[in-house]
Amino acid sequence: MEKIIKAAVDRGASDLHIKAGDVFRARIDGKLVPLTKQRLTPEQTKAIALRLIPNDEDRSRIERLRDYDCSWGMPGIGRFRVNILRQRSSFMIVMRVIPFDVPSFESLQLPPVLSQVASAERGMILVTGVTGSGKSSTMAAIINHINQTQHKHILTLENPIEFLHRDIACSVTQREIGVDTDDFRMGLRAALRQDPDVVLIGEMRDAETIDTAMKAVETGHLLISTLHTPDAVTTVSRLVSMFPLAREQYGMQTFDQHLIDLVSEGIVASETALAASSNPADFELRLRTLHRRPRVAAATETAGVDAEKAAGLTDDLSSMLPEQ
C-alpha cells in the first residue's frame, strides 16, 4: 500500500480513492486516473482501513463504523487527511494529500491584503469556496503568518489536524476532534477559557457552533473558519439561515453593528453599508449620530530576538525550571 501511495504522491496526486471492487485511483491534474489493474477485494480494503485508523479503540469497532475521519502519515511518503466510509456494505477510503511544509501567502500567490487581514486584533475571517478550492491551505497560510509576525496564543480545532504548526513567535495549540476534545461545540466552549488570542475552527457546521463563534468574536478574539459557500452574499445568508426566526433579529443586529464599525473605520462607504443593512431606517439614524473614532495605528510586531527585547523578554528563565 505504501509503495502505491508514494508513487501517486510522486506523480502529483492530490487525492487517492481506495474502494472494494475497484482499482487504486488518484486525482492527478484534476482527473481521477487508475494506478493499478488489479481490483481490490473487500478484505483488502478493510485491512487498509485498519492500518489507517490511529487507535485501538476505533479499530475494535470497525464493523460499526459508517463515516470516520482521521489523519495518517509516514516518513518519506507524506501526511494525509483520511475519510473512511461504507458503500455497498464494504469499505471505501478517500485520502487527501497534506504537504509537510506549511504554505505561505507567497507560495500560494495570495493577494498582499491578506497580511493586513491577518493582523486584525479581533473579528471573524471566513475562508469560503467549493471543495478543493484551497480553503485549508489558505487558513494554514494565515496561521503561519500570525505565527511568524505576532506574539499570541493560537488555538485550533480541526477534524482531523492537517498542517502541523511549530511554535515560532506564537504558542500554537492544535486540538483534534474525537482525540483531544469531543466535538467542535465543546472544544470551542472550552477554548474561551484557555486564554486564546486566535481561534481556528476547521468548519462551522451547526447553529450552536456559529453562535459560540460569534460570542468569541464579540468578546475580543480573532476567529478563523471556513464555509462551503461561493461568495460573500451567500456566506452571510448561510450564517443567518442557520438560526431560528426568533434569533435572526439578534444576528442581524450584530451584523449591523459590525457594519457601523466598518464605516467608522473608513473601510466601507456609508452608502454601501446602508444598502446592506437589515433595517435601513434605523441604520441611517445611527449613521447620522456616528462620530468617527480615532484610529490608532498598531505597531507591527517583528518575530525573533528584536521583538522579544521590545517586549522586555530579554532574560532566559530556564534556570528556574526543575532539573530533569
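Going by the structure above, here's the rest.
In this text the structure is predicted, and so the values were computed from the model without any measurement.

**Student:** Go over the sheet that holds strand β11 (residues 222-227) with me, naming the residues and quoting the values.
**Tutor:** In space, the five strands of this open sheet follow the order β7-β11-β10-β8-β9, with parallel pairing throughout. Strands with a single pairing partner mark the edges of an open sheet, and in this sheet they are β7 (123-128) and β9 (171-176). Taken over all neighbouring pairs, the strand axes of this sheet differ in orientation by 15° on average, direction set aside. Note that strand β8 (residues 153-158) and strand β10 (residues 198-201) share four bridges and pair parallel. Bridged to Thr156 within β10 is Leu200.

**Student:** Lay out the packing of aromatic side chains with the relevant residues and their values.
**Tutor:** Taken as a whole and assessed by the stated rule, the structure comprises one aromatic pair. When the centroid spacing of 5.7 Å and the interplanar angle of 35° are considered together, the rings of Trp72 and Phe80 count as tilted. Across the pair, exposure class does not vary: Trp72 and Phe80 are buried alike.

**Student:** Report on the packing of helix α6 (residues 184-191) against helix α7 (residues 207-218), specifying residues and quantitative values.
**Tutor:** Running from N to C, α6 and α7 cross one another at 15°; their axes reach a closest spacing of 9 Å. Judged on the interaxial angle alone, α7 and α6 are roughly parallel. In this structure, α6 meets α7 at a crossing whose hand is left-handed. Packed against α6, whose contacting residues are Phe184, Arg185, Leu188 and Arg189, the element α7 presents Glu208, Thr209, Thr212 and Ala213 at the interface.

Definitions and limits used
Residues numbered from 1 in each chain as written. Predicted model: local features only at pLDDT ≥ 70, side-chain atom pairs only at ≥ 80, totals over all residues. Heavy atoms only, no water. Pairing = 2+ DSSP bridges. Helix = DSSP H or I, 4+ residues; strand = E, 2+ residues; numbered from the N terminus. Axes fitted to C-alpha atoms, helices over the stretch in contact; angles between N-to-C directions. Phe/Tyr/Trp six-rings, centres within 6.5 Å; stacked < 30°, edge-to-face > 60°. Buried < 20%, exposed > 50% of the residue type's maximum accessible area, 1.4 Å probe, protein only. Parallel < 35°, antiparallel > 145°, perpendicular 65-115°, else oblique. Left-handed = near helix turned anticlockwise from the far one by under 90°. Contact = heavy atoms within 4.5 Å.

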